[in-house]
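Spelled out, the chains give:
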Amino acid sequence: MTSIKNRSKKAGLAPGTLIHMGRAKEGTTKVDLVHYDETHLDKHPVTSVDECLIKKDIPGVTWINVEGLADLEVLRHFGSCYGIHPLVLEDILATDQRPKAADYGEYLYVVLKMIALDEGGTEIKSEQVSLVLGQNYLISFQEGLEGDVFEQVRARLVNEKARLRAQGADFLLHALLDVIVDHYFLVLETLADRIEDIEDELIDNPTTATVQAIYRLKRQLLFLHKVFWPLREVVSSLQRRDSLLIHDTTVIYLRDLYDHTVQVLDTLETLREMLSGMLDIYLSSVSNRLNEVMKVLTIIATIFMPLSFIAGWYGMNFKGMPELDSPYGYPAVFALCLTIAGGMLVYFKKKRWL
Amino acid sequence: MTSIKNRSKKAGLAPGTLIHMGRAKEGTTKVDLVHYDETHLDKHPVTSVDECLIKKDIPGVTWINVEGLADLEVLRHFGSCYGIHPLVLEDILATDQRPKAADYGEYLYVVLKMIALDEGGTEIKSEQVSLVLGQNYLISFQEGLEGDVFEQVRARLVNEKARLRAQGADFLLHALLDVIVDHYFLVLETLADRIEDIEDELIDNPTTATVQAIYRLKRQLLFLHKVFWPLREVVSSLQRRDSLLIHDTTVIYLRDLYDHTVQVLDTLETLREMLSGMLDIYLSSVSNRLNEVMKVLTIIATIFMPLSFIAGWYGMNFKGMPELDSPYGYPAVFALCLTIAGGMLVYFKKKRWL
Amino acid sequence: MTSIKNRSKKAGLAPGTLIHMGRAKEGTTKVDLVHYDETHLDKHPVTSVDECLIKKDIPGVTWINVEGLADLEVLRHFGSCYGIHPLVLEDILATDQRPKAADYGEYLYVVLKMIALDEGGTEIKSEQVSLVLGQNYLISFQEGLEGDVFEQVRARLVNEKARLRAQGADFLLHALLDVIVDHYFLVLETLADRIEDIEDELIDNPTTATVQAIYRLKRQLLFLHKVFWPLREVVSSLQRRDSLLIHDTTVIYLRDLYDHTVQVLDTLETLREMLSGMLDIYLSSVSNRLNEVMKVLTIIATIFMPLSFIAGWYGMNFKGMPELDSPYGYPAVFALCLTIAGGMLVYFKKKRWL
Amino acid sequence: MTSIKNRSKKAGLAPGTLIHMGRAKEGTTKVDLVHYDETHLDKHPVTSVDECLIKKDIPGVTWINVEGLADLEVLRHFGSCYGIHPLVLEDILATDQRPKAADYGEYLYVVLKMIALDEGGTEIKSEQVSLVLGQNYLISFQEGLEGDVFEQVRARLVNEKARLRAQGADFLLHALLDVIVDHYFLVLETLADRIEDIEDELIDNPTTATVQAIYRLKRQLLFLHKVFWPLREVVSSLQRRDSLLIHDTTVIYLRDLYDHTVQVLDTLETLREMLSGMLDIYLSSVSNRLNEVMKVLTIIATIFMPLSFIAGWYGMNFKGMPELDSPYGYPAVFALCLTIAGGMLVYFKKKRWL
Amino acid sequence: MTSIKNRSKKAGLAPGTLIHMGRAKEGTTKVDLVHYDETHLDKHPVTSVDECLIKKDIPGVTWINVEGLADLEVLRHFGSCYGIHPLVLEDILATDQRPKAADYGEYLYVVLKMIALDEGGTEIKSEQVSLVLGQNYLISFQEGLEGDVFEQVRARLVNEKARLRAQGADFLLHALLDVIVDHYFLVLETLADRIEDIEDELIDNPTTATVQAIYRLKRQLLFLHKVFWPLREVVSSLQRRDSLLIHDTTVIYLRDLYDHTVQVLDTLETLREMLSGMLDIYLSSVSNRLNEVMKVLTIIATIFMPLSFIAGWYGMNFKGMPELDSPYGYPAVFALCLTIAGGMLVYFKKKRWL
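These figures come from a predicted structure and were not determined experimentally.

Let's talk about the overall build of chain A
Item 1. The helix and strand inventory of chain A stands at 10 helices and seven strands.
Item 2. Reported as C-alpha extents along the three principal axes, the dimensions of chain A are approximately 120 × 45 × 30 Å.
Item 3. Put simply, chain A has 354 residues, and 43% of those count as buried.
Item 4. Long-range contacts, defined as pairs at least 24 residues apart, comprise 69% of the intrachain contacts of chain A with a sequence gap of at least 6.

Here it is in structure tokens:
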């Protein structure tokens, strides 16, 4: 929900105006640069933005990773240096973007969400990642949460024989997207585990807490649906070679990525259908237990109300109740009560209430 | 609902007949004119319609804002002066239009809703805005509610260095649409807040008022759906350069607007799904509380009915009840009652009712 | 439902066989003719079908309105005289047609429903209207219910300066369709009013009658959906200039009509969604009231069962109950009962049942 | 469901292997031949398959009707004689085909279901019909149930002036399809009647039997949906003139048939929506009756529990209860009880429970 | 669910990295080779992968069946020998693939699930099958579960006159796909039987176990939906002759297979709709039984509460209760009680509670 709450600040401003939305405002801006080709690799934090400019024209691939969006100056610098359109810069700052890919000729802009679970494994952390792919560079902007999912890509880059080293910036784009989508699977796995736990709970001992857990999961899946669904279109458009920046050799890998994305969506929909079935189970189990309770009440009442009436009857103080004076009176009433109780029990047995 | 109620007046009239529908009839008609180019800006209320005519042929952009549709003469004048088709004039007056864009060659007609919340923040105020875009002019017709959302655009126009000043009338169209869509976000934010409040209420202490609040919200979202959904098609058609009146430089901004519109719809659908899940929660919580109530009743009845029977039994006035005369009678019955009560409690404990 | 019941008569007959279905059989067949151009207008009932033939070849537009389908001879005559295909004649008689438009080259066949409310405003009267548009003539066939919605078109025709007089038969087709669609709005308005009444009832005092009213409205909206939905396709096909019989000047009016049709559908869907939400409200309010009832029962039972037990206890006739003889016995039991009742009330207060 | 149960026999066999599935195995195989042109008609049962061969090359239309699929030899013979592909023969035998039309160049294969109600009017009998249309012949294969719906077509063939006699084999195909679809209407009419009966039952006195009837109807409509839905595509493909075997003169009749098919689907969907609404009505009426029952219980308990307590109270055997000895005691308690009962009744009146 | 749990291992690895997922790791890898043409057939287990290489270039069709994916070396060997792309090898190992077909020019890659029921007939066993079709070879990779569904294809291959022997490798592909889809029918038949059993249970004696059985079936159908749905697209793409490896003679068989696939989906959807209707039946039957229980309780309470009150009343110990001393007192009270009980019974009879 938080993502909805920040749009209002922007209402009515000129398009392309750079202002902070959401978390972006706080924290620092850290810039890292990796320059590599098949033979060598250069990797270090960047202190002055001008450094990026220099790398722009030498061969090899340059990957600039910007973590944290607090420093608007850095962004403006990148904007003018790499010729990025103000609307794109605005989108990078607006951290509630719907995943999308837009081709600006000189460069390709891809924005999506990086998903992870917090330590307890119950809350979903989501961070927006913007990727700007040029001819021989890729700039990634992260919203600024501690850590990212790119470590494995960095590890592969270090390895001189990795295919990644021999390919262009578009292959790096694929690698980053691939690792992000792989982490989607990780999150879905955890949620699937949680759904199975709830399933067991439902059968053993369902409580209102179970319903609230189902509802919370439903909302998380709804959120993931909002994040995953547009991604399919994004990857599909990349793979259709709409852009000249994507080489033919990369297309086959993007097709593979597309298959993964479809599978993520498939799994998500399966989880959603499972959850919706669960509430029905819960409601039917609550109804059943109500039935059980009512049966107990009815059995007790049906047996003891007539008996109590009989006992009350012979507690009346009328003159001239011949039964009271007869020596057979008490045993007869005793027998009558036994018959009534027994008859009721047989009746309930036949009705399968017992 | 009110929007449905006014169509009937028109039934059977010739198309293009100008009659008032809904609120349009009351109030006054106020016309404001802004004429601007990069170097100067001229802004004043219009008293005679002929004034608009003069501005028509001089360079620069003319923005005429008509607030209130009561004065049919003004409309007819604009119609003949700017060559607006009678059907368009009819649409401007019919304040229950579905958002749409229609290209009439010489000019482009866009109609949509301006949304805001009332002071209390609970009711949605909606006002129809018709925009007629020509080569170098834009005429906006408002239904006539007090105030509009265009103030920020007017403020930007005053600023000489604003991009708005350097562009054509199509960019002004974009600016107005953009600010309207931005206000959609504002309304959705408030509704999202309200949904979160209801969520808390649902868990703490749900009442029938909660259900009615959910229903009211559902209807508001249904109304917004009706307003937002066709807008997507409208902006999409504008951005596809179907019209010669839209310049290439504006298209990229319209694409950005399209992304916002899709995001508005996305958010709306998320809110709708959240609401529909809530009713399930409510029903399951009501069922649960019924179960609770019934358990209390059953426990009480199951314990006290047998005990009352026993007490009643020994209140009978039969002759020859040996128990009554035995000195162990009373303590024995006392013990029996304790045993029954205790046994019941153990039974309920085992059934987890306690 | 009635419309379903008449198809069976036709099973297995050769296509193009003219037989009556539904209401069509009864009543008389009345034929009216209007011949007009810009300068003069001629209007009178037709007694011999040959008369229609004569008008066929003179300039100006001829509108023949056939009310009631009982006289098969009249239909056959029109068929051979205007070259109407037997399948079309069969369709005209089959009064359960789905709205459709079919282009037969020489003429265009449009069939749809005319909707009105009965006097009480609760039942929907529907009558099938078939329109055959030729180069300079239009023949309308009505099922034969008393009255139609065309009066306003007839009034406009009398007016010499009406645009209708200056245009061809295709514009007359538009005028008739337009007035029919306008009456759809009228019916929807009344239904919307009724839905609002039910809404108030739901909140104040919902009964089973409310549910039945909802169900009845649902069925009416379902019927209207069946009538309105195909119409959209019909008007859309007319407007796409598929037929040479539709002139360019009329297309813009048909586009306007198309917008109205979409709006009718929009409104209808809104009403349907509102209704479906209402049943949920009803069910949740019924559950709530059940809860209320059960709480009252439980409170009463929980307070009086223990008290009754105590009273019963001291009504026992045992020898040797020391409490009975003690002077403090009665006041002590009195105090005990007060304590129990008070404790229970406090407990229910805490549980928020009171 | 039965249709699902026979597929397994075939698992793993080579495609085109002819084996029996379902009912097809039992009964006899009866072959009838009708040869006709405009001037003469020849009609008789066929005893030797060679006879069919002879008719193949003479002018006029040959209609061979095969009733019962038990005799595989007959099928193989037809297969080789008319050049029918083994896969088609396999499809003819597999009596659980989805309706479809396939163009094999030389001939057209159409398979669909013939639907009728049994004598009691409660069960749907369905029989598969395969139609093979060649240049001048049509072969129809029926599964072998007693009787078919083609009698009226046979009657029309006898009539020398029938259009059927003057047209080719494709018109015969249309005639057979038309009469099959007409019988769909017959079945839907009966189901619609049954739904109306259930509606009355729902309002008067709904029982579990009503729910089971609704469920049974739902399944029947589900079955019909499975049968009708693909037919639309079948007729649509025939009408699109995809095949050379369909002449232009027949296309207009197929378009008419297509309209009927769409109408069948429309009616079916209406019935399905009506049914789904009914279950809601049922549930809400059950909830209401539960409420009624609980109110009666609560009213009785709330009035008599306090009264019983009072009566029990003065049945206690304490010494020193001054009320018992006072002459006003009994009348005072009598008055108290009346007051309590009256107060309760007023309370329930105010709560609208009475 | 298990299929979701293994993706995480791969997160961040370079694409094309071969690692085991799920069951694939355990067990052995068995390779069988069949080489055949019209005149001879050669069939034996393979011990060295080089053997496969030799067969590659001689005429006739080679079918290599790899059972078990534990031995990565074998896979890598096949990869380099038949020029299979690393991404395809990765897909073969990733045993949670969505069914898909991908054309790599030289070869065609098809992956889908082989479905069977376990011995008890309650659990669905699913195994992934990857098929690589080349010009004259077909390699099938199975996940490694004991047994497969290909026995019947092997049997047909032995038969010298089988069409299979005379056709190319694409026909073998069709044969394998066909037998897999035929087994889908087998599974659906068993599930349909189970659904019918549950239906009977629902009407006779529904319990919570019934609901859980419905839920379990729902999940199984959901799983099958995930498996079957993409297959339709797969077969459709094969049949559209997108690949040069599919010959025209095979296309007609693939079209037949496509029809089967659609039928499988149809049946599956029917089963799903049947199941969803069942839960409604269950809930309404539970509500009904609750009503029954409550009626019994209410009848008992309504009859005996007033009676008990009367009995209690005359058990009071007041002085001066004239009724107690009158000789008509006891019979009068007796008559009063009979009247009350009788009146209640008549009332319940009238309310149809009895």
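Things to note about the packing of helix α6 (residues 169-204) of chain D against helix α8 (residues 248-313) of chain D
Residues and elements named next belong to chain D.
Item 1. Close contact between α6 and α8 brings their axes to 10 Å; oriented N to C, the two are set at 15 degrees. Classified by the angle between their axes, α6 and α8 sit roughly parallel to one another. Viewed along their axes, α6 and α8 form a crossing whose handedness is left-handed.
Item 2. A breakdown of the residues in the contact of α6 with α8 according to their chemical character gives 22 nonpolar, six polar and three charged.

Quick word on the relation of the copies chain A and chain B
Put simply, the two copies of the chain differ by a rotation about an axis and a shift along that axis.
Item 1. Superposing chain A onto chain B requires a rotation of 72 degrees together with a translation of 0.1 Å along the rotation axis, leaving an RMSD of 0.1 Å. Given the turn and translation reported, the copies of this chain are related as if by a five-fold rotation axis.

Some points on the interface of chain A and chain B
Item 1. Residue-level contacts link 45 residues of chain A with 56 residues of chain B.
Item 2. For the side of chain A that touches chain B, the element with the highest residue contribution is helix α8 (residues 248-313) of chain A, accounting for 17 residues.
Item 3. When the residues that make up the side of chain A that touches chain B are grouped by side-chain class, the tally is 27 nonpolar, eight polar and 10 charged.

Some details on the UniProt feature "transmembrane region" (unreviewed entry) in chain A
Residue and element names in this part refer to chain A.
Item 1. Mapped onto this numbering, the UniProt entry gives "transmembrane region" (unreviewed entry) at residues 296-316 and 328-348.
Item 2. Its end C-alpha atoms 30 Å apart, residues 296-316 is made of 86% helix and 0% strand.
Item 3. Counting secondary structure, residues 328-348 comes out at 95% helix and 0% strand; the distance between its end C-alpha atoms is 30 Å.

Things to note about the environment of E38 of chain C
All names here are of chain C.
Item 1. Following the sequence through the fold, E38 ends up in the loop between β1 (30-36) and β2 (41-46).
Item 2. Taking the number of C-beta atoms within 10 Å as the measure of exposure, E38 has 12 and is therefore exposed.
Item 3. E38 sits 122 residues away from E160 along the chain, and the two C-alpha atoms are 6.8 Å apart.
Item 4. Dropping the residues within four chain positions of it, E38 is found in contact with R165 and A166.

So, the domain arrangement of chain A
Much of the literature gives interface size as the accessible area that the parts lose upon coming together.
Item 1. Per the domain assignment, the segments making up chain A are domain 1 (2-283) and domain 2 (290-350).
Item 2. Centre-to-centre, using C-alpha coordinates, domain 1 of chain A lies 75 Å away from domain 2 of chain A.

Considerations on the sheet that holds strand β7 (residues 137-142) of chain C
Residues and elements named next belong to chain C.
Item 1. Spatially, β2-β1-β3-β7-β6-β5-β4 is the arrangement adopted by the seven strands of the open sheet, whose pairing is mixed. Edge positions in the sheet fall to β2 and β4 (100-103), since each of these pairs with one other strand and no more. Strand after strand, the sheet turns through a mean of 15 degrees between neighbouring axes, direction not considered.
Item 2. With seven bridges joining them, β1 and strand β3 (residues 61-67) adopt antiparallel strand pairing.

Describing the sheet that holds strand β5 (residues 108-117) of chain A
All names here are of chain A.
Item 1. The seven strands lie next to each other as β2-β1-β3-β7-β6-β5-β4, forming an open sheet whose pairing is mixed. At either end of the open sheet lies a strand with only one pairing partner, and these are β2 (41-46) and β4 (100-103). The sheet shows a mean angle of 15 degrees between the axes of neighbouring strands, direction not considered.
Item 2. Of the strand pairs in this sheet, β5 and strand β6 (residues 124-133) are connected by 10 bridges, and their pairing is antiparallel. Each bridged residue has a counterpart across the sheet, and for A116 the counterpart in β6 is K125.
Item 3. Sheet strands touched by helix α6 (residues 169-204): β3 (61-67), β5, β6 and β7 (137-142). Its angle to β5, the strand with the most contacts, is close to 30 degrees.

Digging into the pairing of strand β6 (residues 124-133) of chain E
Residues and elements named next belong to chain E.
Item 1. Linking strand β5 (residues 108-117) back to β6 in an antiparallel pair, the connection comprises six residues, with G121 at a positive phi of about 80 degrees.
Item 2. Bridging between β6 and strand β7 (residues 137-142) involves five bridges; their strand directions are antiparallel. Paired with L133 across the bridge in β7 is L138.
Item 3. Counted between consecutive antiparallel strands, the loop separating β6 from β7 contains three residues.

Some details on the packing of helix α6 (residues 169-204) of chain C against helix α7 (residues 208-239) of chain C
Residue and element names in this part refer to chain C.
Item 1. One can describe the packing of α6 onto α7 by two numbers: an axis separation of 11 Å at closest approach and a directional angle of 160 degrees. In terms of orientation, α6 and α7 fall into the roughly antiparallel class. As for the relative orientation of α6 and α7, their crossing is left-handed in sense. On the side of α6, the interface is formed by Y184, L191, R194, I195, I198, E201 and L202, while α7 contributes T210, A213, I214, L217, Q220 and F228.
Item 2. In terms of residue class, the contact of α6 with α7 is made up of nine nonpolar, two polar and two charged.

Here's the deal with the confidence of the model for chain A
Item 1. When the pLDDT values of chain A are averaged, the result is 85; 93% of them are 70 or greater.
Item 2. Here the predicted complex scores 0.83 on pTM and 0.78 on ipTM.

Thoughts on the environment of T210 of chain E
All names here are of chain E.
Item 1. Following the sequence through the fold, T210 ends up in helix α7 (residues 208-239).
Item 2. Given 21 C-beta atoms within a 10 Å radius, T210 is considered buried.
Item 3. Placed 101 residues apart in sequence, T210 and Y109 show a C-alpha to C-alpha distance of 42 Å.
Item 4. In contact with T210, not counting residues within four places along its chain, are I198, E201, L202 and Y282.

Quick word on the environment of G134 of chain E
All names here are of chain E.
Item 1. Among the structural elements, G134 can be located in the loop between β6 and β7.
Item 2. For the pair formed by G134 and V158, sequence separation is 24 residues and the distance between their alpha carbons is 22 Å.
Item 3. Residues in contact with G134, not counting those within four places in the same chain, are Y82, E106, Y107 and A169.

What about the pairing of β7 of chain A?
Residues and elements named next belong to chain A.
Item 1. With five of six residues buried, β7 is to be regarded as a mostly interior element.
Item 2. The sheet contact formed by β3 and β7 spans six bridges and is parallel. When the sheet's bridge partners are listed, V66 is paired in β7 with F141.

Considerations on helix α3 (residues 86-93) of chain D
Item 1. Counting buried positions over the eight residues of α3 of chain D gives six, a clear majority of the element.
Item 2. Summarising the contacts, the buried residues of α3 of chain D are in contact with α2 (72-81), β5 (108-117), β6 (124-133) and β7 (137-142) of chain D.

Conventions adopted
Residues numbered from 1 in each chain as written. Chains lettered and ligands numbered in written order. Predicted model: local features only at pLDDT ≥ 70, side-chain atom pairs only at ≥ 80, totals over all residues. Helix = DSSP H or I, 4+ residues; strand = E, 2+ residues; numbered from the N terminus. Buried ≥ 20, exposed ≤ 12 C-beta atoms within 10 Å, placed from the backbone. Contact = placed C-beta atoms within 7 Å. Axes fitted to C-alpha atoms, helices over the stretch in contact; angles between N-to-C directions. Parallel < 35°, antiparallel > 145°, perpendicular 65-115°, else oblique. Left-handed = near helix turned anticlockwise from the far one by under 90°. Nonpolar A, V, L, I, M, F, W, Y, C, P; charged D, E, K, R; others polar. Least-squares fit on C-alpha atoms with pLDDT ≥ 70 in both. UniProt positions renumbered as here; feature names shortened; annotations may be inferred. Domains from an automatic or database assignment. Pairing = 2+ DSSP bridges. pLDDT = per-residue confidence, 0-100.

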